[in-house]
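The residues making up each chain are set out below.
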Amino acid sequence: MNPFEEKPQPIDKALQDWQEMYPKAYNKREVDPYTKTRIILMNGTEYEANWFSHQFARHTDNNDLRRDLALAREVEKQQQQKLFLLKPQNESALEHTIGYEQLAVDLTAELAKRERDCDVKKALDFALLEDFDHLYRYADLLEMEQGIYAEWLVGRYTEIMPGRPTISHHRYPMDNVRYNINAKNADTQTVLSTMIITAAEQQTMNYYMNISAFACSDLGRRLYEEIALVEEEHVTQYESLMDSNATWLEMLLWHEYAECYLYWSCYMTETDARIKKLWGQNFEFEISHLHKAVELLKKYEKKDWQEVIKDPVFPKPLSLHENIDYVRKILGETVQFTSVKEEYKKIKDLPKDADFFRFQKITNPQTDIVPSHCVIEQYICRHGADYRYQVAPSPVEELRNRREDNTCVGRKADAADSTDFFCNE
């Protein structure tokens, strides 16, 4: 599929009335977990596109350009609102959060498995273990407060057990920045990966920061606060991978291309006929936006789209599916790593005065005040063991004890064994 060969419709044709904009929500008891994660993914993708357009408009004084941006932005905001309202009223924020974390785990794993740029793959694998642990923490809180087993929400496609413990995710902010790619030289898949994961993690961060005050318990409010700040770290990491040297119009083109690719992927992999129709409709809308970006690039920078996107044919569709074996491999091999500037290092290789340890002392002066730890400790206190769904014992022996929450792995030397990251051939 080459989206540049598709015939666009006028952008105005996508504008909808209130009846068209308000969708029928999915049934939370019947929806396929990956239909729900696709909805969350595209909600985040539209949010990123919308706010990129707003920032672009704030960095140009050309009102003709601003008007073109405003028109496409209105359509994309309508798309986002429609997607967000597919969530039913009877689905709690915490139930919905499980979908966010399943998306984070399986999207990150899928992108990592196909990524050829070793630095980008390492970044994906590193954050993967952290989102995996977030799923576990939220799942225990959900069962403790609402009596709902998260394994049914994720369809048992994604395991629920400790990853790199959340207490160890808190790093000195300067250690979350990576080297950026060069989009003109990188594979199309690599450029897409950096943009897709940034949008997804940004949406997660925003959701947690906005929902934290509405959690139904003090413990829930605290957990959302903690994990939202980890998501801030993830957004910092991922956005630093994106091509920071591209012009605003070049990035507009990439944003529209990425949206086309994702809607096409959703359409190709969706199992719900009603939602599949929506993906197809939104794909047509994005084709119009892509061709408008081509026109603006030519008009204002005298560039053809081929100068920006060398290989326009979409990679294979992005499919959300089970990744249990891959997650287990990364967990078993890299749980003892943290990030130091642009690199990843084992905790045992850090000097005693490393910023990581300094920041840990500031944020986690004692373990009994760390919300992610308190959730598991309270669950164990009530039930005698934590809540998990796993197909086999954890690949990390130190994380197998269900009667005690490990707060050493990932933050103390020799708390577990790790080997190294691996690159795809």
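Up top you'll find the structure we're talking about.
Residues numbered from 1 in each chain as written. Predicted model: local features only at pLDDT ≥ 70, side-chain atom pairs only at ≥ 80, totals over all residues. Heavy atoms only, no water.

1. A short note on empty space enclosed by the protein
All told, the structure shown has 7 cavities of 30 Å³ or more when counted by the stated rule. The space that makes up the largest cavity amounts to roughly 110 Å³. Around the largest cavity, the lining is made up of 16 residues, and of these Ser 53, Leu 69, Ala 72, Leu 252 and Glu 256 lie nearest the centre. Broken down by secondary-structure element, the contributors of at least two residues to the lining of the largest cavity are α2 (33-57), α3 (63-84), α9 (248-269) and α10 (273-301). Considering every element that reaches the lining of the largest cavity, the biggest residue donor is α3, with 5 residues. By residue class, the composition of the lining of the largest cavity is 7 nonpolar, 3 polar and 6 charged. Around the second largest cavity sit Thr 45, Glu 48, Ala 49, Met 195, Ile 196, Ala 199, His 255, Ala 258, Glu 259 and Leu 262, which together line it. Of all the secondary-structure elements, those providing two or more residues to the lining of the second largest cavity are α2, α7 (188-211) and α9. The biggest single contributor to the lining of the second largest cavity is α9, with 4 residues. (1 Å grid on protein atoms, 1.4 Å probe; cavity = no way out; pocket = protein on both sides within 12 Å on 5 of 7 lines; lining within 4 Å. Points joined across faces, edges and corners; volume = space filled by probe spheres on them. Helix = DSSP H or I, 4+ residues; strand = E, 2+ residues; numbered from the N terminus. Nonpolar A, V, L, I, M, F, W, Y, C, P; charged D, E, K, R; others polar.)

2. Quick word on the nonpolar core
In terms of nonpolar packing, the biggest core is built from 114 residues, with Leu 41, Ile 98, Leu 107, Ile 160, Ile 196, Leu 253 and Trp 254 touching the most fellow members. It is helix α5 (residues 118-146) that contributes the most residues to this core, 15 residues altogether. (Core = buried A, V, L, I, M, F, W, Y, C linked by side-chain atoms within 4.5 Å. Buried < 20%, exposed > 50% of the residue type's maximum accessible area, 1.4 Å probe, protein only.)

3. Overview of the environment of Asp 311
Counting through the fold element by element, Asp 311 comes out in the loop between α10 and α11 (324-334). On the basis of relative accessibility, which here comes to 42%, the residue Asp 311 falls in the partly exposed class. When the C-alpha positions of Asp 311 and Glu 46 are compared, they lie 23 Å apart, and in sequence the two are 265 residues distant. Residues within four places of Asp 311 in sequence aside, it is in contact with Thr 188 and Tyr 257. (Contact = heavy atoms within 4.5 Å.)

4. Remarks on the packing of α3 against α9
Close contact between α3 and α9 brings their axes to 14 Å; oriented N to C, the two are set at 25°. Here α3 is positioned roughly parallel relative to α9, judged by the angle of their axes. Crossing of α3 against α9: the hand is left-handed. Two secondary-structure elements touch here, α3 through Leu 65, Leu 69, Glu 76, Gln 79 and Leu 83 and α9 through Leu 249, Leu 252, Glu 256, Glu 259 and Tyr 263. Residue composition of the contact of α3 with α9, by class: 6 nonpolar, 1 polar and 3 charged. (Axes fitted to C-alpha atoms, helices over the stretch in contact; angles between N-to-C directions. Parallel < 35°, antiparallel > 145°, perpendicular 65-115°, else oblique. Left-handed = near helix turned anticlockwise from the far one by under 90°.)

5. Digging into the side chain of Thr 334
Among the secondary structure elements, Thr 334 is positioned in helix α11. Overall, Thr 334 belongs to the buried group, its relative accessible area being 0%. Among all residues touching Thr 334, those that are not within four sequence positions of it are Leu 129, Arg 164, Ser 418, Asp 420 and Phe 421.

6. Topic: the layout of surface pockets
Approximately 410 Å³ is the volume found for the largest pocket. Residue assignment for the lining of the largest pocket shows that the elements contributing at least two residues are α2, α7 and α9. Residue contributions to the lining of the largest pocket peak at 5 residues, all from α2. In terms of residue class, the lining of the largest pocket is built from 7 nonpolar, 5 polar and 3 charged. In this structure, the second largest pocket spans a volume of roughly 290 Å³. As for the second largest pocket, its lining consists of 17 residues, and the residues nearest its centre are His 170, Glu 226, Leu 229, Phe 359 and Thr 363. Among the elements of the structure, α8 (218-241) and α12 (355-363) are those that each provide at least two residues to the lining of the second largest pocket. When residues of the lining of the second largest pocket are assigned to their parent elements, the largest contribution, 7 residues, is made by α8. Grouping the constituent residues of the lining of the second largest pocket by class yields 6 nonpolar, 5 polar and 6 charged.

7. Things to note about α8
Between its terminal C-alpha atoms α8 stretches 36 Å, which fits the 34 Å expected from 24 residues at 1.5 Å a residue. Taking burial as the measure, the 24 residues of α8 include 17 buried ones, the bulk of the element. (Expected span 1.5 Å × (residues − 1).)

8. Here we look at a nonpolar patch on the surface
A cluster of nonpolar side chains, namely Tyr 22, Phe 84 and Leu 85, defines an oily patch on the protein surface of about 300 Å² accessible area. Of the residues examined, Tyr 22 reaches a relative accessible area of 57% and is grouped as exposed. (Patch = residues over 30% accessible without salt bridge, like charges linked within 9 Å, V, L, I, M, F, W, Y side chains within 5 Å. Areas by Shrake-Rupley, 256 points an atom, 1.4 Å probe, with all protein chains shown as cover. Salt bridge = Lys/Arg side-chain N within 4 Å of Asp/Glu carboxyl O.)

9. Re the state of the cysteines
In the structure shown here, the tally under the stated rule is 1 disulfide. Sulfur-sulfur distance for the disulfide between Cys 118 and Cys 423 comes to 1.5 Å. Of this pair, Cys 118 sits in helix α5 while Cys 423 is found in the segment after α13 (371-383), placing the two residues 305 residues apart along the sequence. Judged by relative accessible area, which is 23%, Cys 118 ranks as partly exposed. (Disulfide = S-S within 2.5 Å.)

10. Some details on the pairing of strand β2 (residues 343-346)
Burial along β2 is one-sided: Tyr 344 and Lys 346 are buried, and none of Glu 343 and Lys 345, which face the opposite way, are. Pairing geometry for strand β1 (residues 337-340) and β2, over 4 bridges, is antiparallel. Bridge pairing in β2 links Thr 338 to Lys 345. If you look at the hairpin formed by β1 and β2, you'll find 2 residues sitting between the two strands, and Lys 341 has a positive phi there, around 50°. (Pairing = 2+ DSSP bridges.)

11. Details of the pattern of salt bridges
Oppositely charged side chains are able to pair whenever their charged atoms sit close together. Throughout the structure, instances matching the rule amount to 25 salt bridges. The salt bridge involving Asp 68 is made with Lys 292; its shortest N-O contact spans 3.7 Å. Remark: Lys 292 occurs in helix α10 and Asp 68 occurs in helix α3; sequence separation between them is 224 residues. A salt bridge links Arg 222 to Asp 218, with the nearest nitrogen and oxygen atoms 2.7 Å apart. With a gap of 4 residues between them, Arg 222 and Asp 218 both fall in helix α8, about one helical turn apart. When its relative accessible area of 48% is taken as the criterion, Asp 218 is described as partly exposed. When salt bridges that share partners are traced, they join Glu 130, Arg 164, Arg 171 and Glu 233 into one network.

These values are about where atoms sit, not about what they do.
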